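The residues making up each chain are set out below.
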Amino acid sequence: MNMYLIEDDPATRRMLERILEDGDVGTVIGSAPSGQHVTYEDVRNADIVLIDLLMPGKDGIQTIQDLRAQGYQGRFVMISQVENKEMVGEAYQSGVDTFIHKPVNRLEVLAVLKRVMEHLQLEQSLSTIRRSLSVLDGHASPGRAMSTVVSKTFADHAHDVLTTLGIAGESGSGDLLKILQYLHDQEKIWREMPALKDLYQAVLIGIDPRISYEQLQREIKAMEQRLRRTILQALGHIASIGLTDYANPTFEQYAPRLFDFQDVRTRMKEIQDGEKTTRCRLNIKKFLTALYSEVKTRSEDPYS
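Note that this is a predicted model, so its numbers are computed, not measured. (Residues numbered from 1 in each chain as written. Predicted model: local features only at pLDDT ≥ 70, side-chain atom pairs only at ≥ 80, totals over all residues. Heavy atoms only, no water.)

Draft legend 1. Examining helix α9 (residues 196-207) more closely. Given a rise of 1.5 Å per residue, twelve residues ought to cover 16 Å, and the 17 Å separating the end C-alpha atoms of α9 matches this to within 8%. Turning to α9, its buried residues number three or more, namely L196, L199, Y200, V203 and L204. One side of α9 carries all its buried residues, which in axial view fall inside an arc of 125°. (Helix = DSSP H or I, 4+ residues; strand = E, 2+ residues; numbered from the N terminus. Expected span 1.5 Å × (residues − 1). Buried < 20%, exposed > 50% of the residue type's maximum accessible area, 1.4 Å probe, protein only. Arc of directions from axis to C-beta.)

See below:
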């Protein structure tokens, strides 16, 4: 995939170029020391733009907003050492998929970019399938062909919601997508949300029916840890939005539905106080139940 770098520090820029080249994750098609003179024409062929948050002249958030306004549809991965959660929340609202933290670490860069690339490839595959179906349907009915092109799958809606929550690039997002799809496929079997351990077990066995008991127990623990980290990230993202704009529609919609609101208020105060860890105790079952309900509602809405 093609990458474009916008980073004011030459040493960091060279390091990123070397990591991308050695890691064989993409081709750097261009770079710039700031967003001040970067236009749509510079990045139009880039699948992913890696962009610094704090730059002279025009910062990363302003650059993203300008490139989006000019028509750029690719992904943004932000590079930052900023701990200010309000700025992080603003960056997510501007269209950032995920963050790479400074000082740049090779393993983190490769892991983050590979996750973003996997989501991009999945979207491209789905688009190809839709185009193929639209061609086939076109022989039967123009109206039906049009409906095929614009319709979204349940998985599409699930990914959209995770993107809104700022966790589409997190390692646990894949687990969330698998769980949501499983609940959707097995809805008639489960009258209510199953116990979490039963749910994790069913999803993992569905992926590998021949998994051993010992391996299954290890994978259940690993999945639960990834989910917990990812849901905490979603909580932090929502809390950051609330600090920036308490009346923000995303905050109003998701804060009380996905989380215990006392946890949201606690996390907001922690962010204000500059605390990196949290005392919040997640209700994972509530989160999954509400998340599935949200995605299902969207998927059943013909206008969404």
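From this point, the discussion proceeds with the structure in view.
Draft legend 2. Structural detail: the packing of aromatic side chains. Within the structure shown, the criterion is met by five aromatic pairs. Arranged with centres 6.0 Å apart and planes meeting at 50°, the rings of F154 and Y292 form a pair that is tilted. Of this pair, F154 sits in helix α7 (residues 154-164) while Y292 sits in helix α13 (residues 284-300); the two residues are 138 residues apart in sequence, bridging distant segments of the chain. Comparing F154 with Y292 shows no difference in burial state: the two are buried. Aromatic pair Y246 and F251: ring centres 5.1 Å apart, planes at 50°, arrangement tilted. The exposure class assigned to F251 is buried, which follows from its relative accessible area of 3%. (Phe/Tyr/Trp six-rings, centres within 6.5 Å; stacked < 30°, edge-to-face > 60°.)

Draft legend 3. Region of interest: the nonpolar core. Ranked by internal contacts, the top residues of the largest apolar core, which has 48 residues, are L165, I179, F259, F287, L288 and L291. Within the residue set of this core, elements represented by two or more residues are α7, α8 (173-185), α9, α10 (213-244), α11 (249-258), α12 (261-272) and α13. The greatest single-element share of this core, amounting to eleven residues, is contributed by α10. The residues touching L291, leaving out its near neighbours within four places in the chain, are V161, L162, L165, L176, L180 and L258. Core analysis: the second largest hydrophobic core is formed by 21 residues, A32, A46, I51 and I61 among them. (Core = buried A, V, L, I, M, F, W, Y, C linked by side-chain atoms within 4.5 Å. Contact = heavy atoms within 4.5 Å.)

Function cannot be read off these values alone, since they describe shape.
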